[in-house]
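# Breakdown of the fold
Listed below are the residues making up each chain.
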Amino acid sequence: MSSADKNLSVFSTDGLPDISQATFAIVVAEWNHEITEKLFEGAHATLIRYGAKPENIIRANVPGSYELSFGAQVFARKIEVDAVIALGCVIQGETKHNDYINHAVAHGLTQVSLTYHKPVIFGVLTPNSQEQALDRAGGKHGNKGDEAAMTAIKMLSLV
Ligand SMILES: Nc1c(NC[C@H](O)[C@H](O)[C@H](O)CO)[nH]c(=O)[nH]c1=O
Ligand SMILES: CC(=O)[C@@H](O)COP(=O)(O)O
């Protein structure tokens, strides 16, 4: 099922854990900031809506999505951080550069999550165009940031 067949901001909220004492780190790529800011707004709003405290949400920026893995590790190694959300948008260009970034960040975030035994959420859009990105950052297909935040919340019920 693709995002075009579902809305990224529509999900079950049954049985969510209490996150009133949880600390979330959100690492945001500055590349395509007009998109990634929308992802951050969606993620932050979702965490607050479902019980996180503003003071328990930490934000850090990195230059691009390729740096999200390192940014995630900076926070995942902190005992006080319960989950990390990585937000980025890698738009396909003329070359294969986007493929290398996407594979690197997907692998890197997984490594950080498994190494530090902590949820590290892949909130990275990999669209073919600016339009597809906007559609998934608060547009007709919802907001990937909402989905990433809800994924982090749900994963805390496993930890
Ligand atoms: N083209 C995009 C990039 N490129 C930059 C890389 O992420 C990285 O910062 C650079 O290669 C130096 O290591 N980043 C995005 O997040 N989105 C893009 O569309
Ligand atoms: C994903 C990217 O780095 C991209 O913006 C680079 O574009 P290009 O492949 O045309 O150099």
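Every chain's residues receive numbers from 1 upward, in the order its sequence appears when written. To label them, take the chains in the order written and letter them from A, then take the ligands in the order written and number them from 1. Restriction of local features to residues with pLDDT of at least 70 applies here, the model being predicted, together with a cutoff of 80 or more for giving and counting side-chain atom pairs; totals for whole chains, interfaces and linings are based on all residues. Only hydrogens and water are set aside when side-chain values are computed; all heavy atoms of the structure are taken into account.

The condition is simple: UniProt positions are given in the numbering used here, feature names are shortened, and annotations may be inferred rather than shown by experiment.
If you check an unreviewed UniProt entry, the chain appears there as 6,7-dimethyl-8-ribityllumazine synthase from Arundinibacter roseus. Database annotation for the chain, UniProt heading Pathway (unreviewed entry): "Cofactor biosynthesis; riboflavin biosynthesis; riboflavin from 2-hydroxy-3-oxobutyl phosphate and 5-amino-6-(D-ribitylamino)uracil: step 1/2."

## Focus on the pattern of salt bridges
Put simply, the rule is: For this analysis, a salt bridge means a side-chain nitrogen from Lys or Arg found within 4 Å of a carboxyl oxygen belonging to Asp or Glu. Working definition: helices are DSSP H or I runs of at least four residues, strands are E runs of at least two. Numbering for both runs from the N terminus.
For the structure shown, the criterion picks out two salt bridges. For Glu 37, the salt bridge identified is with Arg 59, shortest N-O distance 2.5 Å. A residue pair is termed long-range when its members are at least 10 positions apart, and Glu 37 in helix 1 (residues 33-49) and Arg 59 in strand 2 (residues 57-62) qualify at 22 residues.

## Here we look at the pairing of strand 1 (residues 24-29)
Two faces make up the sheet, and in a regular strand the side chains alternate between them. What counts here: Here the term buried applies to any residue with accessible area under 20% of the maximum for its type, exposed to any over 50%, and partly exposed to those in between, with areas from a 1.4 Å probe on protein chains only. For two strands to count as paired, DSSP must find a minimum of two bridges between them.
Across the six residues that make up strand 1, a large majority, six, are buried. Strand direction decides the pairing type here: strand 1 and strand 2, joined by six bridges, are parallel. Paired with Phe 24 across the strands is Ile 57, a residue of strand 2. When strand 1 meets strand 3 (residues 83-89), the two strands line up parallel, connected through five bridges.

## Here's the deal with the UniProt feature "binding site: 5-amino-6-(D-ribitylamino)uracil" (unreviewed entry) in the chain
To be explicit about the condition: Only protein atoms enter the calculation, which uses a 1 Å grid: trapped sets of points that fit a 1.4 Å probe without letting it out are cavities, open sets showing protein on both sides within 12 Å along at least five of seven lines are pockets, and any residue with an atom within 4 Å of a point is a lining residue.
The sites that UniProt annotates as "binding site: 5-amino-6-(D-ribitylamino)uracil" (unreviewed entry) are Trp 31, Ser 65, Tyr 66, Glu 67, Cys 89, Val 90, Ile 91 and Phe 122. From the list above, the largest pocket is lined by Trp 31, Ser 65, Tyr 66, Glu 67, Cys 89, Val 90 and Ile 91. By the secondary structure assignment, Glu 67 is in the loop between strand 2 and helix 2 (68-76). Residue classification places Glu 67 among the partly exposed residues on the basis of a relative accessible area of 30%. Turning to its location among the elements, Ile 91 is positioned in the loop between strand 3 and helix 3 (97-115).

## Re unusual backbone geometry
The phi torsion of most residues other than glycine is negative, and most of the peptide bonds are trans. One non-glycine residue with positive phi stands out, namely Asn 32, at about 55 degrees. With respect to the helices, strands and loops of the structure, Asn 32 is situated in the loop between strand 1 and helix 1. Under the relative-accessibility criterion, Asn 32 is labelled buried at 16%. Of note in this structure, His 117 is not a glycine but carries a positive phi near 50 degrees. Structurally, His 117 is set in the loop between helix 3 and strand 4 (120-125). Judged by relative accessible area, His 117 falls into the exposed class, the value being 66%.

## With respect to the sheet that holds strand 3
Strand pairing in a sheet is mediated by backbone hydrogen bonds. Such pairs are either parallel or antiparallel. Applicable threshold: Note on geometry: axes are lines fitted to C-alpha atoms, helical ones only across the stretch in contact, with angles between N-to-C directions running from 0 to 180 degrees. Only heavy atoms enter the contact rule, under which two residues are in contact if any of them lie within 4.5 Å.
Overall, parallel pairing links the four strands, which are arranged 2-1-3-4 in an open sheet. Edge strands, defined here as strands with exactly one partner in the open sheet, are strand 2 and strand 4. Between one strand axis and the next, the sheet turns by 15 degrees as a mean value, whatever way the strands run. Together, strand 1, strand 2, strand 3 and strand 4 form the strand contacts of helix 2, whose direction differs from that of strand 1 by roughly 160 degrees.

## Concerning helix 1
What counts is decided by this rule: Here a helix's expected span is defined as the number of its residues, less one, multiplied by 1.5 Å. It is the directions from the helix axis to the C-beta atoms whose arc is reported.
Its 17 residues give helix 1 an end-to-end C-alpha distance of 23 Å, which sits within 8% of 24 Å, the value for a rise of 1.5 Å per residue. Among the residues of helix 1, those classed as buried are Ile 35, Thr 36, Leu 39, Phe 40, Gly 42, Ala 43, Thr 46 and Leu 47. The arc that holds every buried residue of helix 1, seen down its axis, measures 165 degrees, which confines them to one face. Residues of helix 1 that are exposed and point over 90 degrees away from its buried face: His 33, Glu 41 and Arg 49. The positive-phi residue at the C-terminal boundary of helix 1 is Gly 51, with phi of around 120 degrees.

## A look at the site of ligand 1
Our working definition: Residue proximity to a molecule or strand is established when one non-hydrogen atom of the residue lies within 4 Å of it. Whenever a nitrogen or oxygen atom comes within 3.5 Å of another N or O atom, the pair is scored as a polar contact, on the condition that within protein one atom can donate a hydrogen and the other can accept it, and that pairs from neighbouring residues in sequence are kept only if both atoms are in side chains. Accessible areas in this description were obtained via Shrake-Rupley with a 1.4 Å probe; residue shielding takes into account the shown protein chains only.
Near ligand 1 you find Trp 31, Asn 32, Gly 64, Ser 65, Tyr 66, Glu 67, Cys 89, Val 90, Ile 91, His 97 and Ile 101, and these make up its full shell. At 2.8 Å from an oxygen atom of ligand 1 is found a side-chain nitrogen or oxygen belonging to Ser 65. Measuring from an oxygen atom of ligand 1, one finds a side-chain N or O atom of Glu 67 at 2.6 Å. Burial of ligand 1 by the surrounding chains reaches 77%, relative to a free accessible area of 440 Å².

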